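What the coordinates show
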Amino acid sequence: MKRINIYEEANRCLMCQDAPCTKACKTGDPARAMRAIRFDNHKPAKRWIADCSDADLERAQQACIHYNWPIRLKDVLRSIHPDEVTEPYPSLEIDFCGIHCENPFFLASSAVCTNYDMVARAFDAGWAGVFYKTICLQEIKEVSPRFDAVHSNGLHGDFYGFRNMEQLSENPVDVDFDILHRLKENYPKKVVIASIMGQTEEQWIELAQMAERAGCDAVELNFSCPQMRLAGMGSDVGQNPELVAIYTTYVKRAVKIPVIPKMTPNITHIHHSAMTAHFAGADAVSAINTIKSVTMDDNAEVSGQRTISGYSGRAVKPIALRHILDIASNQILKGIQISGIGGIETWRDALEFIQLGCNNVQVCTAVMQYGYRIIDDLILGLQRYMAKHGVSQLKDLVGSELTSFTTPTNLDRTTVIYPMIDRERCVGCGRCEISCNDGGHQAIAFDPETRQPRIIGTKCVGCHLCRLVCPAGAIHISKRIKKK
């Protein structure tokens, strides 16, 4: 039997509520171990099954309620190597806009934080703060259905792209600010930030002052919602640097708490709006909100009609990172604090945002898919990374990768890295030859008798398409050498 791919199996796990596998096991928590693997913490996963016998894991596997065949729990969990990173782990404390945060993980202003009980449960789970769902003075009426997802054909539940037509909080304004007041009273060490959206200068000022009176730590200005039904709101503002400057200035003059404009990605150069916010006195910026998009699923129609609305989920992360880089690498904006948003699902995703200059990150779609419980692995993974690399303070990672970026003009074009085939991992599918032949440089020969691919060095240009399409992970990189 070929070596088991623990991530492939973990991705099949349904991550059940009150998991039957753990109830059947009794001596450990295989469901928690599988969740750790799913969220990129495979070595620490061993701690949750350390006392389990093979019989325990076999019982757990038999109890698995997967819709096709059970997860190979025993094979997966017995294949994990011991964790070389040991506790104590470093603290994840960090300051944002002068506000002390116990860790960098916040709920993004969205459906994941619309009432007191939801946010309280998130705080109890370990989230450091909340950008509460955007409050406005207009009456909000939502559509049904309001969500759609993009996933591989025939798969359910695990989508990589998410589209939503939801707007702002449907609660009365006084109800929302009472919720925020109670949250800050009952959780004084957590960070409570009100997200607001006005339509006029007077509305922006009124909402910001209400947030300050409610005891909020800061106020986020939603200049970026892509699906507002009223003109002059949401991304209509974020796409107009002049309006960004005007509304930011009015709010800054009206309150003493930090002011954080939220940037729209539906713009060519996000740093233009970020700069005007900065010049207007913004204490930080949030980026990005959802990306304007269209999906065509008939089940997402609203009374037979469709519309453009916001796209999120792990599919948008590279776009979000591009916008973060645009802000963080701009010399005029140098030093501005950033709250990063867009496709964050694992601790490694969060780390990438932090390394590009974010002091904290906001999560929405992943919480909608998997629940507040993902905070455990976000914290664990980031702490282990810091411990493994000798980083004692999270702030030392902020912007640490900015210097590795350059323009296409300056990239090294005199060297090459050739791919190399791991014969032990290769299963002989021939996918590498197909892709290289039809989409690359015809640099792979495939022997149908032995079912073995061979790289033709005189043709290979080191593009690495073969490595990326290999389903077995059998193609690796070699050393960088000078081109001949």
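First things first, this report covers the structure right here in the doc. These figures come from a predicted structure and were not determined experimentally.

What counts and what doesn't
- Residues numbered from 1 in each chain as written.
- Predicted model: local features only at pLDDT ≥ 70, side-chain atom pairs only at ≥ 80, totals over all residues.
- Heavy atoms only, no water.
- Helix = DSSP H or I, 4+ residues; strand = E, 2+ residues; numbered from the N terminus.
- Rg over C-alpha atoms; globule rule 2.2 N^0.38 Å.
- Buried < 20%, exposed > 50% of the residue type's maximum accessible area, 1.4 Å probe, protein only.
- Areas by Shrake-Rupley, 256 points an atom, 1.4 Å probe, with all protein chains shown as cover.
- Lys, Arg positive; Asp, Glu negative; His and termini not counted.
- Charge placed at Lys NZ, Arg CZ, Asp CG, Glu CD.
- Salt bridge = Lys/Arg side-chain N within 4 Å of Asp/Glu carboxyl O.
- Pairing = 2+ DSSP bridges.
- Axes fitted to C-alpha atoms, helices over the stretch in contact; angles between N-to-C directions.
- Arc of directions from axis to C-beta.
- Contact = heavy atoms within 4.5 Å.
- Phe/Tyr/Trp six-rings, centres within 6.5 Å; stacked < 30°, edge-to-face > 60°.
- Polar contact = N/O pair within 3.5 Å; in protein donor to acceptor, adjacent residues only side chain to side chain.

A separate point is the overall build of the protein. The number of helices and strands found in the protein is 17 helices and 18 strands. Against the globule reference of 23 Å for 484 residues, the protein gives a C-alpha radius of gyration of 25 Å, in line with a compact fold. Over its C-alpha atoms, taken along the principal directions, the protein stretches across nearly 75 × 60 × 55 Å. Within the protein, the fraction of its 484 residues that count as buried is 52%. For the protein, the accessible area works out to roughly 22800 Å², and carbon and sulfur atoms hold 51% of it. Averaging the positions of the 54 positive and the 55 negative side-chain charges in the protein gives two centres separated by 7 Å.

Glancing now at the pattern of salt bridges. Overall, the coordinates contain 25 salt bridges when judged by the stated rule. When the shortest N-O distance is used, the salt bridge between Glu352 and Lys317 registers 2.9 Å. Of this pair, Glu352 sits in helix α13 (residues 347-355) while Lys317 sits in helix α12 (residues 317-328), placing them 35 residues apart in sequence. Accessibility expressed as a relative area gives 26% for Glu352, which makes it partly exposed. With relative accessibility at 15%, the residue Lys317 sits in the buried group.

Now for the sheet that holds strand β6 (residues 161-164). If you trace the four strands from one edge of the open sheet to the other, you get β5-β6-β12-β11, paired in antiparallel fashion. Bordering the open sheet on either side are β5 (147-150) and β11 (291-293), each of which pairs with just one other strand. The sheet shows a mean angle of 35° between the axes of neighbouring strands, direction not considered. One ladder, built from three bridges, connects β6 with strand β12 (residues 309-312); its direction is antiparallel. Bridging from a neighbouring strand, Asn164 pairs with Gly310 of β12.

Our focus in this paragraph is helix α4 (residues 54-63). Every buried residue belonging to α4 is among Asp56, Leu57 and Ala60, and all of these are buried. Around the axis of α4, the buried residues are gathered within 90° of arc, so they sit on the same side.

Turning our attention to unusual backbone geometry. A cis amide bond links Ser144 with the next residue in sequence, Pro145, at an omega value of -10°. For Pro145, the position within the fold is in the loop between β4 (129-135) and β5. In this chain, Ala287 is followed by Ile288 through a cis amide linkage whose omega measures 5°. By the secondary structure assignment, Ile288 is in the loop between β10 (284-287) and β11. The phi angle at Ser303 is positive, at roughly 50°, despite the residue not being glycine.

Among the structural elements, Ile477 can be located in strand β18 (residues 475-482). Ile477 sits in the partly exposed class, given a relative accessible area of 47%. The sequence separation of Ile477 and Lys26 amounts to 451 residues, and the corresponding C-alpha distance is 43 Å. Setting aside anything within four residues of it in sequence, one finds Ile477 in contact with Ile417, Tyr418, Met420, His464 and Arg467.

The next subject is the packing of aromatic side chains. In the structure shown here, the tally under the stated rule is nine aromatic pairs. Taking 5.6 Å as the distance between ring centres and 55° as the angle between the ring planes, the aromatic pair formed by Phe106 and Phe131 counts as tilted. Taken as a pair, Phe106 in strand β3 (residues 105-107) and Phe131 in strand β4 lie far apart in primary sequence, 25 residues in all. In this pair, the class of Phe106 matches that of Phe131, namely buried. Pairing Trp204 with Phe223 gives two aromatic rings, centres 5.2 Å apart and planes at 70°, and the pair type is edge-to-face. Residue Trp204 is located in helix α8 (residues 201-213), and its partner Phe223 is located in the loop between β8 (218-222) and α9 (235-238); the two are separated by 19 residues in the primary sequence. For Phe223, a relative accessible area of 0% translates into the label buried.

It is worth spelling out the side chain of Thr134 at this point. Along the chain, Thr134 turns up in strand β4. In this structure the side chain of Thr134 is engaged in a polar contact, spanning 2.7 Å, whose partner is the side chain of Ser195. Aside from chain neighbours lying at most four places away, what touches Thr134 is Ser109, Leu168, Ser169, Ser195, Ile196, Met197 and Asn222.

Looking at the element boundaries, Asn103 is found in the loop between β2 (99-101) and β3. When the C-alpha positions of Asn103 and Val302 are compared, they lie 40 Å apart, and in sequence the two are 199 residues distant. Setting aside chain neighbours within four positions, we find Asn103 in contact with Leu92, Gly126, Ala128 and Ile379. At 2.8 Å, the side chain of Asn103 forms a polar contact with the backbone nitrogen of Phe105.

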